[in-house]
Amino acid sequence: NAGVTQTPKFRVLKTGQSMTLLCAQDMNHEYMYWYRQDPGMGLRLIHYSVGEGTTAKGEVPDGYNVSRLKKQNFLLGLESAAPSQTSVYFCATGFTGNYGYTFGSGTRLTVV
Amino acid sequence: AQSVTQLGSHVSVSEGALVLLRCNYSSSVPPYLFWYVQYPNQGLQLLLKYTTGATLVKGINGFEAEFKKSETSFHLTKPSAHMSDAAEYFCAVSRSGNTPLVFGKGTRLSVIA
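What you see as residue numbers is a count from 1 along each chain, following the sequence as written. To read the labels, note that chains go from A and ligands from 1, taken in the order they are written. Two thresholds apply to this predicted model, a pLDDT of at least 70 for residue-level local features and 80 or more for giving and counting side-chain atom pairs, whereas whole-chain, interface and lining totals are computed over all residues. Only hydrogens and water are removed before side-chain values are computed, so all heavy atoms of the structure are retained for them.

Q: Help me understand the overall build of chain A in this model?
A: The helix and strand inventory of chain A stands at zero helices and 11 strands. Secondary structure of chain A in N-to-C order comes out as β-β-β-β-β-β-β-β-β-β-β. The atom set for the radius of gyration is the C-alpha atoms, and the globule formula is 2.2 Å times the number of residues raised to the power 0.38. The C-alpha radius of gyration computed for chain A amounts to 13 Å, which stays within 12% of the reference 13 Å derived for 112 residues, consistent with globular compactness. Summarising its shape, the C-alpha atoms of chain A cover approximately 40 × 30 × 25 Å along the three principal directions. Each of the 112 residues in chain A was classed as buried or not, and the buried ones make up 47%. If you take every contact in chain A between residues at least 6 apart in sequence, the share linking residues at least 24 apart comes to 53%. Split by element, the accessible area of chain A, about 5300 Å² in all, is 53% carbon and sulfur. We treat Lys and Arg as the positive residues and Asp and Glu as the negative residues; His and chain ends play no part in the count. Where a charge lies is defined by one atom per residue type, namely NZ (Lys), CZ (Arg), CG (Asp) and CD (Glu). Each charge class in chain A can be summarised by its mean position, and for the 10 positive and 7 negative side chains these summaries are 7 Å apart. Elements are defined by DSSP. Helices are runs of H or I of four residues or more, strands are runs of E of two residues or more, and each kind is numbered from the N terminus. Buried residues are those whose accessible area, probed at 1.4 Å on protein chains only, stays under 20% of the maximum for their type, while exposed residues exceed 50% and partly exposed ones sit between those limits. By the convention used here, residues are in contact when the closest approach between their heavy atoms is within 4.5 Å. Only the protein chains shown count as cover for residues, and the accessible areas themselves come from Shrake-Rupley with a 1.4 Å probe.

See below:
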């Protein structure tokens, strides 16, 4: 009964490095989302997916790429990390019209 | 585009006092409305939601919220604050069931003994 699992939980990157954040869900949801949380800014949508093989841009997509090759996994990539991408990243799954979202526990990323 | 405004980035109440966290939204159509709570170093947890039907919505931990279309508001209340209610609270809105949620900036609730 894991729900939504995010890996890693913490990471420190140097400017220019790349990394991939993994979100895995066992809830059989079609919809998955990546949000970033910054102090005083709430949660802002980066990208989302409405099903396997689909992705769409959210409010703040620049500097990020995503892939949804399998229904249960949604990957968020940073090709060339910048200090402005220091944030806490949350993955969520679910359909707005039903029960809302189930969130992962977050990935705290620091770019130095 | 929808937006959500949460009045007050920080609210402080005494234990046992009324909790009132304000949320106003902009939407051109009847919205889907949610309140989430985030405890320190954790993800977000659903408190309650309004999609259709009764405008007074009851959630977990004694919280409730009332959808007021005329005021475009969805304020969160709890009659008596408990120390364990200290957390950050987020209001979120969507214009349809298949549109991603837009979150407010959050309100941090402190409860004073």
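Q: Explain the pairing of strand E1 (residues 3-7) of chain B to me, please; I cannot follow it from the model alone.
A: For a regular strand, side-chain orientation follows a simple rule: the groups alternate between the two sheet faces. Residues and elements named next belong to chain B. Going residue by residue along E1, you find Val4 and Gln6 tucked away on one face and Ser3, Thr5 and Leu7 left uncovered on the opposite face. At least two DSSP bridges between two strands are required for those strands to pair. For E1 and strand E3 (residues 19-26), the ladder comprises five bridges, and the chain directions are antiparallel. By the bridge assignment, Leu7 is partnered in E3 with Arg22.

Q: It is not clear to me how the nonpolar core should be interpreted in this structure. Could you clarify?
A: Note on soluble globular proteins: their nonpolar side chains tend to be buried together. Nonpolar cores were defined as sets of buried Ala, Val, Leu, Ile, Met, Phe, Trp, Tyr and Cys residues, with membership established by side-chain atoms within 4.5 Å. Of all hydrophobic cores here, the largest spans 27 residues; its most connected members are Trp35, Leu47, Leu48, Phe74, Leu76 and Tyr89 of chain B. Listing elements by their share of this core, those giving two or more residues are strand E2 (10-14), E3, strand E4 (32-38), strand E5 (44-50), strand E7 (64-68), strand E8 (73-78), strand E9 (87-94) and strand E11 (107-112) of chain B.

Any functional reading would require information beyond the geometric quantities listed.
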